[in-house]
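Summary of the model geometry
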Amino acid sequence: MLANLHNADIPRPVLDVIARLREQGHAVYLVGGCVRDMVRKVHPKDFDVATSALPEEVQGAFRKVIPTGIQHGTVTVVQGGTHVEVTTFRSEGDYLDGRRPSSVAFERDIVKDLSRRDFTINAMAYNPLDRELVDPFGGQADLQSQLIRCVGSALERFSEDGLRPMRAVRFAAVLGFSLDPATRDAIPATLGVFRKVALERVREELTKLLLSPRAEGGLVLLSETGLLDVFLPEVARADPEAARLARAATQAAPAEIELRVAALLADLVDRTRARDIGLRLKFPNKVADLVALLVENARLEDRVADSDPALRRLLARVGLAQLPHLVAVARARVQVRAPERCAELEQLVTRLEALAAARPPLVAKDLALTGGDIMATLGVGPSPIVGEATRFLMESVLDEPSLNTAEALKQRLLSWHSARPTT
Ligand code: ATP
Ligand code: MG
């Protein structure tokens, strides 16, 4: 495994930063996720540098440094056009609230820094110039045996920071690893601490889990450990068979967060509840709205016998831009819930796509008459009747798109108006 590290492709600017700090007599390593990934022969997303140099010393060693998180010892060195995060070795004081340490202290020793980290596989450091790997907690062995194991006592580590159990399950899902038994057993025992964690942080881990190729297994683990019940009781308490199908549909959906969340929720909750869940988990409004829309309309298999006007109304409700998303969620659901209906669904999708390709008028601004035209035709000023008339015309063209010409709409509008009871 050391060979993997020695052959890893580390960006030049990162190596330059390490070389400069070493030149000045400081201890310096790559740490955390990037070391784990290099050992696994996966190209790291980012390279984090840790050093014995104090933040001021790091600032002094480079021309351009941004003090991104200087109170925690992190600065960003701008080197060769890229940003390299450099953090001073640190240890953490007691956790008083299950969320953050009461203090952080800078350290001279890399092992102190590694011992505050969450899992053995995340607690390794590597100096690529000296080709030295620091692995005090057996991270390499756990990578080999595909285990997520806390650094030190799992009960203590989970009691310090309630997010860690969620991270354990997330890493298990993303990497396809198992939880070490002691780590796993500590989760139910520390749920009270997990409950205090800000939902944004939970959502970030949940998103990584859901987008991983093993979302289904990750959801099982969340459920078995009791974590899911804390932030998603709607799924955790669902009928077991319904929950199983929902997890399978999640996995079957393309790896986009809205699609996976919608596939998970579509057969368990209604539109309103889906939106509430999205907002509760602090997803952006846009995401919560799209999830709600997809949940509301996902059961496309119920619409295979719908008329063209009904399908145009569906297109109007979801919007043409969202059609591919809706189809993706519907396919994922039908694939796991009713595979024998896939062909039927595909026929419906073909019809929907043909209707959409014809670019029918779907919203008021697609009408051949503007609000001004409607007022002129009826001889009225701005008033509620204009809205009513617009809705009437919209319904007409959804039934029959070829009516969408100024002449035809004017005629319909006038006969609608004269047939209308006057008050
Ligand atoms: P990813 O590839 O998903 O970013 P990562 O290992 O880089 O994985 P980060 O969340 O970016 O994960 O954290 C970077 C490192 O910081 C981790 O590898 C770990 O050593 C440490 N770390 C992060 N969060 C915690 C935590 N809650 N408790 C202890 N250590 C943590
Ligand atoms: Mg990271």
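Our subject is the structure that appears above.
For clarity, every value in this text was computed on a predicted model and none was experimentally measured. (Residues numbered from 1 in each chain as written. Chains lettered and ligands numbered in written order. Predicted model: local features only at pLDDT ≥ 70, side-chain atom pairs only at ≥ 80, totals over all residues. Heavy atoms only, no water.)

1. Some points on helix α19 (residues 308-318)
Within α19, burial applies to Leu-311, Arg-312, Leu-314, Leu-315 and Val-318. Around the axis of α19, the buried residues are gathered within 155° of arc, so they sit on the same side. Taken together, the buried residues of α19 touch α18 (285-297), α20 (323-337), α21 (342-357) and α23 (384-399). Of the residues one or two after α19, Gly-319 is the one with positive phi, at around 85°. (Buried < 20%, exposed > 50% of the residue type's maximum accessible area, 1.4 Å probe, protein only. Helix = DSSP H or I, 4+ residues; strand = E, 2+ residues; numbered from the N terminus. Arc of directions from axis to C-beta. Contact = heavy atoms within 4.5 Å.)

2. Things to note about the packing of α19 against α21
A packed helix pair is summarised by two numbers, namely the angle formed by the two axes and the spacing between the axes. Two numbers describe how α19 lies on α21: the axes approach to 10 Å, and their chain directions differ by 75°. In terms of orientation, α19 lies roughly perpendicular with respect to α21. Between α19 and α21, the contacting residues are Asp-308, Leu-311, Arg-312, Leu-314 and Leu-315 on the first element and Leu-348, Arg-351, Leu-352, Leu-355 and Ala-356 on the second. Of the residues contributing to the contact of α19 with α21, the split by class is seven nonpolar, no polar and three charged. (Axes fitted to C-alpha atoms, helices over the stretch in contact; angles between N-to-C directions. Parallel < 35°, antiparallel > 145°, perpendicular 65-115°, else oblique. Nonpolar A, V, L, I, M, F, W, Y, C, P; charged D, E, K, R; others polar.)

3. Re the packing of aromatic side chains
Per the counting criterion, the structure on display carries four aromatic pairs. Between Phe-194 and Phe-231, the ring centres sit 6.1 Å apart and the planes meet at 75°, which makes this aromatic pair edge-to-face. Of this pair, Phe-194 sits in helix α10 (residues 191-194) while Phe-231 sits in helix α13 (residues 227-231), placing them 37 residues apart in sequence. Ring plane angle 15° and centroid distance 5.3 Å describe the contact between Phe-392 and Trp-416, whose orientation is recorded as stacked. On the criterion of sequence distance, the pair formed by Phe-392 in helix α23 and Trp-416 in helix α24 (residues 406-419) is long-range, its members being 24 residues apart. With a relative accessible area of 15%, Trp-416 lands in the buried category. The lysine or arginine in question, Arg-203, covers the ring of Phe-283, its NZ or CZ lying 5.6 Å from the ring centre. (Phe/Tyr/Trp six-rings, centres within 6.5 Å; stacked < 30°, edge-to-face > 60°. Lys NZ or Arg CZ within 6 Å of the ring centre and 35° of its normal.)

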